[in-house]
Amino acid sequence: MKISEFATFLEEIDKRSGRIEITQLLTEMFRRAQKNEVKPISYMLLGKVAPDFEGLELGLGDKMIMKAIALATGASLEKVKELYDSLGDLGLVAEKLREKRAATLLDFTTTKTQERDVVSVFNELLKIANTSGEGAQDTKIKLLAKLISELNGAEVRYVVRMASGDIRIGVADQTIIDALAAAFSANEELVERAYNITSDLGFVAEVLAISGEEGLKQIKVQPGRPLKPMLAERAQSLQEIFEKMGGKAAFEYKYDGERVQAHKYDSRVELFSRRIERITSHYPDVVEALLKGISAQSFIVEGEIVAVEPETGEMMPFQELMHRRRKYDVEEALQKYPAKTMLFDVLYVDGVDYTSKPYLERRKKLEEIVQESDSLALSTMMITQEVGEAQRFFDEAISAGCEGIMAKTLDPAVGYRAGNRGWAWIKYKRDYKSELTDTLDLVVVGGFYGRGKRAGKIGGYLLAAYNPSNGSFDTVCKVATGFSDEDLVEIPKMLEQYRIPQKHPSVNSKLNADVWYKPVVVMEIVGAELTLSPTHTAAFSKIREGSGLAVRFPRFTGRIRSDKSATEATTVDELVEMYKSQLKKVQE
Ligand code: AMP
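Residues numbered from 1 in each chain as written. Predicted model: local features only at pLDDT ≥ 70, side-chain atom pairs only at ≥ 80, totals over all residues. Heavy atoms only, no water.

(A) Structural detail: the domain arrangement of the chain. As assigned here, the chain comprises domain 1 (47-163), domain 2 (231-433) and domain 3 (440-587). Between the C-alpha centres of domain 2 and domain 3 there is a distance of 29 Å. On the domain 3 side, the residues contacting the 25 residues of domain 2 number 24 residues. Taking both partners together, domain 2 and domain 3 bury about 2,000 Å²; carbon and sulfur atoms supply 52% of that area. (Domains from an automatic or database assignment. Contact = heavy atoms within 4.5 Å. Buried area = accessible area lost by both parts, 1.4 Å probe.)

(B) Representation of the packing of helix H10 (residues 173-183) against helix H11 (residues 188-198) in the model. Running from N to C, H10 and H11 cross one another at 130°; their axes reach a closest spacing of 9 Å. One way to sum up the angle between H10 and H11 is to call them oblique. In this structure, the crossing between H10 and H11 has a hand that is right-handed. Note on element contacts: H11 touches H10 through Glu188, Val191, Glu192 and Tyr195, opposite Asp173, Gln174, Ile177, Asp178 and Ala181. (Axes fitted to C-alpha atoms, helices over the stretch in contact; angles between N-to-C directions. Helix = DSSP H or I, 4+ residues; strand = E, 2+ residues; numbered from the N terminus. Parallel < 35°, antiparallel > 145°, perpendicular 65-115°, else oblique. Left-handed = near helix turned anticlockwise from the far one by under 90°.)

(C) Spatial organisation of the nonpolar core. Judged by nonpolar contacts, the single largest core of 93 residues is most densely connected at Phe6, Leu45 and Leu125. Both domain 1 (47-163) and domain 2 (231-433) contribute no fewer than three residues apiece to this core. Look past the residues within four positions of phenylalanine 6 in its chain and what remains in contact with it is Met1, Met29, Ile41, Met44, Leu45, Val118 and Met162. In terms of nonpolar packing, the next biggest core, distinct from the first, is built from 31 residues, Tyr461, Ala465, Ile491 and Met578 among them. (Core = buried A, V, L, I, M, F, W, Y, C linked by side-chain atoms within 4.5 Å. Buried < 20%, exposed > 50% of the residue type's maximum accessible area, 1.4 Å probe, protein only.)

(D) Region of the structure containing the pairing of strand E12 (residues 440-449). Among the ten residues that make up E12, nine are buried, leaving the element largely enclosed by the rest of the structure. Relative to strand E18 (residues 522-526), E12 is paired through four bridges, and the arrangement is antiparallel. Paired with valine 443 across the two strands is valine 522, which belongs to E18. The pairing of E12 with strand E13 (residues 458-467) spans six bridges and is antiparallel. Its bridge partner lying in E13, valine 444 is registered against leucine 463. (Pairing = 2+ DSSP bridges.)

(E) Geometry of the sheet that holds strand E9 (residues 381-384). The strand order across the open sheet built from five strands is E1-E11-E10-E2-E9, with neighbouring strands paired in mixed fashion. Each edge of the sheet is formed by a strand with only one pairing partner; in this case those strands are strand E1 (231-234) and E9. On average, adjacent strands in this sheet sit at an angle of 35° to one another, irrespective of strand direction. Strand direction decides the pairing type here: strand E2 (residues 249-254) and E9, joined by four bridges, are antiparallel. Note that in E9 the partner of phenylalanine 251 across the bridge is methionine 382.

(F) Examining helix H7 (residues 118-130) more closely. A rise of 1.5 Å per residue sets the reference length of H7, with its 13 residues, at 18 Å; its end C-alpha atoms lie 18 Å apart and thus fit the reference within 8%. Here the buried face of H7 lies against helix H1 (3-15), helix H3 (38-45), helix H8 (136-149) and helix H9 (153-163). (Expected span 1.5 Å × (residues − 1).)

(G) Summary view of the environment of proline 284. Its place among the elements puts proline 284 in helix H14 (residues 284-293). Overall, proline 284 belongs to the partly exposed group, its relative accessible area being 35%. Distance in space between the C-alpha atoms of proline 284 and methionine 315 is 19 Å, their sequence separation being 31 residues. Once residues within four sequence positions are removed from consideration, proline 284 is found in contact with Val330 and Leu334.

(H) Focus on the UniProt feature "binding site: ATP" (unreviewed entry) in the chain. When the UniProt feature table is mapped onto this chain, "binding site: ATP" (unreviewed entry) is found at Glu252, Arg259, Arg274, Glu304, Phe344, Arg421 and Lys427. Tracing the chain through its elements places arginine 259 in strand E3 (residues 258-265). Sequence-distant contacts of arginine 259, defined by excluding residues within four places in its chain, comprise Pro229, Met230, Leu231, Phe272, Ser273, Arg274, Glu302, Gly303, Glu304, Phe344, Tyr416 and Trp425. Polar side-chain contacts of arginine 259 include one of 3.0 Å to the backbone oxygen of methionine 230. Assignment of secondary structure puts arginine 274 in the loop between strand E4 (268-272) and H14. You can call arginine 274 partly exposed: its relative accessible area is 45%. For arginine 274, the contacting residues outside a window of four places in its chain are Pro229, Leu231, Arg259 and Arg421. (UniProt positions renumbered as here; feature names shortened; annotations may be inferred. Polar contact = N/O pair within 3.5 Å; in protein donor to acceptor, adjacent residues only side chain to side chain.)

Following this line, the structure appears as structure tokens:
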């Protein structure tokens, strides 16, 4: 297919907005294409040269494209910029300047000797994307300039847009799938399934064009090729979940981190994000943990990467993982907030595809192959048919720093549904989020030893609120963040004088601290919010039977309130008031 014919199709598509019409146009285009053209056409329709997970991006910056346009058309860079300011689209700028050039030279012979076809244009774009190393920018500009100088009208407009990584025709993946199915008389569901288990539309299109439906059926789940993730519906209540799931379900903690699909093959591990981008380089620690902790030659597993506080192993807010996005920050982040991967699914192990197997079978396999450690574990899970039990599990999840729970169907007929959002997975999250506006003054009643390089030193503290009704100190949280290196040395030293061999009789705690202190020292902390928690004793059963109040994500502000005695600390009643006003704020 000549590039001019392809561009004419794109122009027609651009003019329509109805999905049916667009699908018809695409179908006609695929029918007219040669077999070897179907793959490049599919990628180009998406403004790409390869599937996202290959990380091969075209997306040249505006500046580079402007230089290429100037070079190709003889216009000054200023002129190109000026036109860009008024037209707002580099595709149109290139098209306009090419027209001018042709008109002034009145000569197409040098530029139009041989019209390019879609494959050759695609290969040029691929070459541009693949150019790297020293002088890459210049080479890319020259390659693009040459391409521009050989194209005209709509061709140049679309090719320049492709080079910028935004083709602007707004054709969705699903529309291309429908058109491919129609063009090659294949079952739509088969095409969709092939796409969902490979995440590579170009690949699927080519298999379909060459080997038809039979070829599609041969496409298998394969390590190295990411699957589209299975997604969850949302429920408003636990009752609703039980209704949808037929009265019984598995529940898992819903971790607040980054979803990861990990593939092991050829003795190496690759990590893919929820959006199917390769994120292996962000998490060398995760790669190592998976290589060590999973006993299989090849696998595909899924989980949530969370940041943990190195001293206590407690989970940190999701934001701490954001440092991993910047290359030069990875090293530092590795030390400061190591990652822990909470695995919740397995899709493939040593030649066996697990996607069609039911939840319980997949979970069992996961338990079998994973050896848990500080950096790798299975998601916390329970199976129940009782709302009360599920509610307690939810409270526990929140107080452990999670954002809620995920319910998963036990239906033996339901497997892992790649790329689908449905009621086989249901998320149930807290429906409010608010920052605690006040700081809290809490009493240090216990301490915990750190881990890793801080092993043997106190790295976290058990904190309590004061309960004036019976004079007890009731626990509300463990705090392990916000301490400077100096604090980590000085505070334990200062606390040493209050150390006692056993829990102080006035302390009311369900948790077992490594060391106990007399309730004397008051520490100022901030937190994200107050939550219900079965593990802490403050305001126990006051708001909900069997639950106390806890501070979510507590952090030391740096201040020891030596001006306050323990009985002047924040009281349990104050916490109850704060919790209630937090609820009110959300309802407003
Ligand atoms: P949401 O992003 O709110 O639609 O919730 C779905 C996301 O929750 C998934 O994409 C995962 O990243 C995350 N998640 C955390 N824990 C789990 C779990 N145990 N099972 C499945 N997904 C989980």
